Amino acid sequence: DAGVTQSPTHLIKTRGQQVTLRCSPKSGHDTVSWYQQALGQGPQFIFQYYEEEERQRGNFPDRFSGHQFPNYSSELNVNALLLGDSALYLCASSLGGGTYYEQYFGPGTRLTVT
Amino acid sequence: AQSVTQLGSHVSVSEGALVLLRCNYSSSVPPYLFWYVQYPNQGLQLLLKYTSAATLVKGINDFEAEFKKSETSFHLTKPSAHMSDAAEYFCAVSRSGAGSYQLTFGKGTKLSVIP
């Protein structure tokens, strides 16, 4: 059973550009959450998607947007990249969105903005 | 709002020694509490969680943690460290009950195990 997969593994972008990161949830999971992990920090919640809708959002600007597809996979889009957006972006999936249910994390996409 | 403080960004123990990683939380409502482990170049793996049942929680790989409401703590322990335990550990908190979807993480504690 494949766990949570993310693509690409690494990405280098220039300030001002736009980026799209992709996540496929663990088989059977219907909920996807995205987290940003800056170097030396813990992950920070960006948002969660369930039934193709953004259900909850953390303290991130509108430059961060997402999408969930009917097959439950998800994309994270970041517009107008800033140097401070350089981080490891983690996707987590669960069956049911509440934190009572275990969230399974993917290996992440490391984004470098130059 | 919830927050987590992990005391000690780096902890070193000898192989076979007790592991103790400290976590204090702040929450205005009853919390759920979690410990995750992250190995290099990997995602996070859940070690254990507290969800309002027993206050002493046992997890994978002989880790356990005790929820102490009076001390607002949820420290992680393991009786005997193995070399394979070297990793970064994150404590996380969320609100309990329905409608809670967000985990709030601490900054992490890097555990080194000395042979």
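Here we summarise the structure given alongside this text. (Residues numbered from 1 in each chain as written. Chains lettered and ligands numbered in written order. Predicted model: local features only at pLDDT ≥ 70, side-chain atom pairs only at ≥ 80, totals over all residues. Heavy atoms only, no water.)

## Some details on the sheet that holds strand S3 (residues 19–24) of chain A
All names here are of chain A.
Piece 1. Judged by pairing direction, the sheet is antiparallel, and its 4 strands sit side by side in the order S1-S3-S8-S7 without closing on themselves. Among the strands making up the open sheet, the edge pair consists of strand S1 (5–7) and strand S7 (64–68). Strand-to-strand twist across the sheet, computed as the mean angle between neighbouring axes with direction ignored, equals 20 degrees.
Piece 2. The pairing of S3 with strand S8 (residues 74–78) spans 5 bridges and is antiparallel. By the bridge assignment for S8, arginine 22 is matched with glutamate 75. (Pairing = 2+ DSSP bridges. Helix = DSSP H or I, 4+ residues; strand = E, 2+ residues; numbered from the N terminus. Axes fitted to C-alpha atoms, helices over the stretch in contact; angles between N-to-C directions.)

## Describing the interface of chain A and chain B
Piece 1. Chain A puts 22 residues into the contact, and the matching count from chain B is 22 residues.
Piece 2. Carbon and sulfur atoms make up 54% of the area that chain A and chain B hide from each other, which totals about 1800 Å².
Piece 3. A per-residue breakdown of the area chain A buries against chain B is headed by A:Thr99, A:Tyr100 and A:Phe105, which together make up 32% of the total.
Piece 4. Linking chain A to chain B there are 0 salt bridges.
Piece 5. Taken together, the connections running from chain A to chain B amount to 4 residue pairs in polar contact (both at pLDDT 80 or more).
Piece 6. Those elements giving two or more residues to the side of chain A that touches chain B turn out to be strand S4 (31–37), strand S5 (44–50), strand S6 (53–57) and strand S9 (87–94) of chain A. (Contact = heavy atoms within 4.5 Å. Buried area = accessible area lost by both parts, 1.4 Å probe. Salt bridge = Lys/Arg side-chain N within 4 Å of Asp/Glu carboxyl O. Polar contact = N/O pair within 3.5 Å; in protein donor to acceptor, adjacent residues only side chain to side chain.)

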